[in-house]
Amino acid sequence: TAEGTPFDYVDRDVILYNLSVGAKRTDLPLVYENHENFQALPSYGVIPWFNTANPWNLDDIVKDFSPMMLLHGEQYMEVRKFPIPTSANTLTYPKLIDVVDKGNAAVVVAGYTTKDAKTGEDLFYNESTIFIRGSGGFGGSPKPTAARPKAATAAYKPPKRAPDAVIEEKTSEDQAALYRLNGDRNPLHIDPEFSKVGGFKTPILHGLCSLGVSGKHVFAKYGAFKNLKVRFAGVVLPGQTLKTEMWKEGNTVLFQTTVVETGKPAITGAGAELLEGAKAKL
Ligand code: HDC
């Protein structure tokens, strides 16, 4: 709506988010509200916009829309205010950016500006790409047509050298059950009947959870970042181990994330631009 969709959060939501992407009880700045450096991971910016009411209907813009066939394809996130408030009343304003017809799939890109409801300042900006299997063939453009920020469309290519840093982390079998409490209650991540119709024997992990785990790895090695872009290249199941390989090139950390058990990619084409003066954090 023109008024924006409200989302209010407090320290408890920040702690839940940090825990849901693997923060440990010993990472006190991430889990203890009385710590002098208590803070949200920079990827918290993907949370407040999530349940924004879109003024468009997917049924109207692609063919045969089914929520069971929808997958998260890519995400771009920008933090526009540091430090990230650890509590805030926010308003998010959505915008439909692009609709691409891949033949058998439809790709829909939307942008979300999240503002502090009290001051009107921008807090976060997101561009989200969804990939809807079986919804192409509606006669749309096969290529993107919209003008978008350069960092939002970057397909980062890691250099040939061995990674500068690697972090491996096993997710929990209950990871998605926890992550959904941040606001994405898509049944695909919890209900086996629903995920089966979508083509998955068991519920799959939220793309934004893998983004959060990998983003935490970047944060641990290099500190806070002001933006981040990823492609969700393959499905992750709760309980699998994520390996984030990172390369620092100037002020940008390029990374890719692999599922250790299968050797298959989870996140590709990814990069994060570091905040000036950022330092390793965990
Ligand atoms: O890449 C495949 C895949 O399975 N990716 C993983 C998807 C995933 O697990 N996502 C996270 C979980 S789902 C989730 O979290 C949902 C969440 O609850 C809700 C999110 C809602 C947010 C918004 C709220 C408003 C797959 C299936 C996506 C594509 O694989 P293929 O069909 O094999 O495609 P491929 O043949 O490789 O390429 C065909 C064309 O599509 C482009 N493409 C590929 N992967 C893409 C993608 N585009 C965007 N995102 C991706 N991830 C290719 O570039 C190719 O295009 P072209 O033909 O132009 O070269």
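Details of the structure are given in the entry above.
Conventions used here
- Residues numbered from 1 in each chain as written.
- Predicted model: local features only at pLDDT ≥ 70, side-chain atom pairs only at ≥ 80, totals over all residues.
- Heavy atoms only, no water.
- Helix = DSSP H or I, 4+ residues; strand = E, 2+ residues; numbered from the N terminus.
- Rg over C-alpha atoms; globule rule 2.2 N^0.38 Å.
- Buried < 20%, exposed > 50% of the residue type's maximum accessible area, 1.4 Å probe, protein only.
- Areas by Shrake-Rupley, 256 points an atom, 1.4 Å probe, with all protein chains shown as cover.
- Lys, Arg positive; Asp, Glu negative; His and termini not counted.
- Charge placed at Lys NZ, Arg CZ, Asp CG, Glu CD.
- Core = buried A, V, L, I, M, F, W, Y, C linked by side-chain atoms within 4.5 Å.
- Contact = heavy atoms within 4.5 Å.
- Salt bridge = Lys/Arg side-chain N within 4 Å of Asp/Glu carboxyl O.
- Near = heavy atom within 4 Å.
- Polar contact = N/O pair within 3.5 Å; in protein donor to acceptor, adjacent residues only side chain to side chain.
- Nonpolar A, V, L, I, M, F, W, Y, C, P; charged D, E, K, R; others polar.
- Pairing = 2+ DSSP bridges.

> I'm lost on the overall build of the chain in this one. Help?
Of regular secondary structure, the chain possesses 7 helices and 10 strands. Since a compact globule built from 282 residues should have a radius of gyration of about 19 Å, the 18 Å found for the chain is in line with a globular shape. Overall size of the chain, expressed as C-alpha extent along the three principal axes, is 55 × 45 × 40 Å. Within the span of the chain, comprising 282 residues, buried residues form 51% of the whole. Surface accessibility of the chain: about 12900 Å² in total, with carbon and sulfur atoms responsible for 53%. Averaging the positions of the 32 positive and the 31 negative side-chain charges in the chain gives two centres separated by 6 Å.

> Which parts of the structure should I look at to understand the nonpolar core?
Counting residues in each nonpolar core, the largest one holds 60 residues, and the members touching the most others are Val46 and Phe255. Among the elements that take part in this core, helix α7 (residues 207-222) stands out by supplying 8 residues, more than any other. Leaving out residues up to four positions away in the same chain, phenylalanine 255 has contacts with Ser214, Val218, Leu228, Val230, Thr244, Glu245, Met246, Trp247, Ile267, Ala270, Gly271 and Ala272.

> What is the right way to read the pattern of salt bridges from this model?
Side-chain pairing between opposite charges can occur once the charged atoms of the two side chains come close. In this structure the tally under the stated criterion is 12 salt bridges. Notably, a salt bridge pairs aspartate 122 with lysine 115, separated by 2.7 Å at the nearest N-O pair. A relative accessible area of 23% places aspartate 122 in the partly exposed class. Residue classification places lysine 115 among the partly exposed positions, given a relative accessible area of 26%. Measuring nitrogen to oxygen at the nearest pair gives 2.8 Å for the salt bridge that ties glutamate 169 to lysine 216. Of this pair, glutamate 169 sits in strand β6 (residues 165-170) while lysine 216 sits in helix α7, and the two are 47 residues apart along the sequence. Among the ionic contacts, a cluster of salt bridges with common partners joins Glu78, Arg80, Lys115 and Asp122.

> Teacher, can you tell me more about the site of the ligand here?
Neighbouring the ligand are 24 residues; Lys102, Asp184, Asn186, His189 and Phe232 lie closest to it. Residue aspartate 184 places a side-chain N or O atom 2.6 Å away from an oxygen atom belonging to the ligand. Within the backbone of alanine 233, an N or O atom sits 3.2 Å from an oxygen atom of the ligand. For the ligand, the protein covers 69% of the area, taking 1200 Å² as the surface of the free molecule. Among the secondary structure elements, those contributing two or more residues to the shell around the ligand are β2 (70-79), β5 (122-133) and β7 (225-232). For the shell around the ligand, the element with the highest residue contribution is β2, accounting for 4 residues. Residue composition of the shell around the ligand, grouped by class: 10 nonpolar, 9 polar and 5 charged.

> Help me out: how do you make sense of the side chain of asparagine 126 in this one?
Tracing the sequence through the fold places asparagine 126 in strand β5. Here the side chain of asparagine 126 touches glycine 45 through a polar contact of 2.9 Å, landing on its backbone oxygen. Each residue touching asparagine 126, except ones within four places of it in the same chain, is listed here: Gly45, Val46, Trp49, Gln75, Tyr76, Met77, Ala110, Gly111 and Tyr112.

> Is there a simple way to explain the pairing of β7 in this structure?
Each regular strand shows side chains that alternate between the opposite faces of the sheet. Burial within β7 is extensive, with 6 of its 8 residues counted as buried. With 5 bridges connecting them, β2 and β7 associate as antiparallel partners. When the sheet's bridge partners are listed, glutamine 75 is paired in β7 with valine 230. Here β7 pairs with strand β10 (residues 264-274) via 6 bridges, running antiparallel.

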